[in-house]
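# Summary of structural features
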Amino acid sequence: MPVLLLLKKLLARLLFPIPLIGLLLTAGVLLHFFGKTGRRAGRWFLFAGIGLYLLLGIIGHWLLVPLTGAYPPLEWETLPASESCCIVVAGNAISNDENRPDACRFNDSMATRLREAARIGTGLTRRNIPFSIVAADCTRGITTESKLAALRAFFADYRIEPERIELLEQALTSRQEVRGFLNYPGKKILVSEAFHMPRLMVLSRKYALNALPAPAGGAEPPFSFTLLSLVPNAENLRDAERAVYEYLGIIESMLF
């Protein structure tokens, strides 16, 4: 992994809720050993760390909602029949466990994205609209042939022909994926999880990919308030982490 990319990811992770809370609490404890002024500052760090934990542990999910609701699901029925399509799927991960069935070698995130691509592809098949599917993946330790076999097995369950499936490798970031998708013909339909879609669309506009957004997942169940809603939980912290990463990515995509 390039050094600059590694440093960027390291900086982002330090701003994730759990590492940031840990840094604040650690600084608060250490400052207690530096006299009266240090103890005063240490208390503020401790209050900040505890407050951030309570806040994000309760409302973390709601930081993600503006991202997941930014784009509606794609309705393939509305696509014009006069233009061929290229369904491009942002990558996540493929398992190197060859004892698993090929179609089951994707982690939950990638499987969610591929299911959305398959849904759209099935709809285009019904309308006799030509299409291809390009999935990005940069997982190391797996051959190109093995990755393609897994992708084709997954889409075979949806009766999508293997010759429609292509693989984009060597793209380490969302920016590189969007730029790589430019090399494939057809009207681009950009697939990723709903919370990731706003950042991808910023990049799509920046590099003139001009893709149609096709967010996967993101449906919210009705909210019901209970006393447990006031108790911090790991799910909210996880959602806050995702939100921080995506908002930082959006800012970076706009600036650079």
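Residues numbered from 1 in each chain as written. Predicted model: local features only at pLDDT ≥ 70, side-chain atom pairs only at ≥ 80, totals over all residues. Heavy atoms only, no water.

Here we have five strands laid out as an open sheet, ordered E3-E2-E1-E4-E5, and parallel in their pairing. The sheet terminates laterally at strand E3 (165–168) and strand E5 (212–216), the two strands that pair on one side only. Strand-to-strand twist in this sheet, taken as the mean axis angle between neighbours without regard to direction, amounts to 25°. Of the pairings in the sheet, the one linking strand E2 (residues 131–136) to E3 comprises four bridges and is parallel in character. Of the residues in E3, the one forming a bridge with Ile 133 is Ile 165. Against the sheet, helix H4 (residues 108–126) makes contact with strand E1 (85–89), E2, strand E4 (187–193) and E5, and its axis sits at roughly 145° relative to E4, the strand it touches most. (Pairing = 2+ DSSP bridges. Helix = DSSP H or I, 4+ residues; strand = E, 2+ residues; numbered from the N terminus. Axes fitted to C-alpha atoms, helices over the stretch in contact; angles between N-to-C directions. Contact = heavy atoms within 4.5 Å.)

Here the focus is the pairing of E4. For E4, the buried fraction is high: six of the seven residues fall into the buried class. In terms of strand pairing, E4 meets E5 through five bridges, oriented parallel. Paired with Val 191 across the strands is Ala 214, a residue of E5. Read from E4 through helix H7 (residues 197–206) to E5, the crossover connection turns out right-handed. (Buried < 20%, exposed > 50% of the residue type's maximum accessible area, 1.4 Å probe, protein only. Right-handed = clockwise from strand over helix to strand, strands pointing away.)

With that settled, consider the layout of surface pockets. Taken as a whole, the largest pocket spans an internal volume of roughly 1,400 Å³. Taken together, 43 residues make up the lining of the largest pocket; nearest its centre are Lys 9, Leu 172, Ser 174, Arg 199 and Tyr 245. At the level of elements, helix H1 (3–14), H4, helix H6 (174–181), H7 and helix H8 (234–255) are the ones that each hand at least two residues to the lining of the largest pocket. Among the elements that line the lining of the largest pocket, the one with the most residues is H8, at 11 residues. Approximately 720 Å³ is the volume attributed to the second largest pocket. Taken together, 30 residues line the second largest pocket, and the ones lying closest to its centre are His 61, Glu 220, Glu 235, Asn 236 and Asp 239. (1 Å grid on protein atoms, 1.4 Å probe; cavity = no way out; pocket = protein on both sides within 12 Å on 5 of 7 lines; lining within 4 Å. Points joined across faces, edges and corners; volume = space filled by probe spheres on them.)

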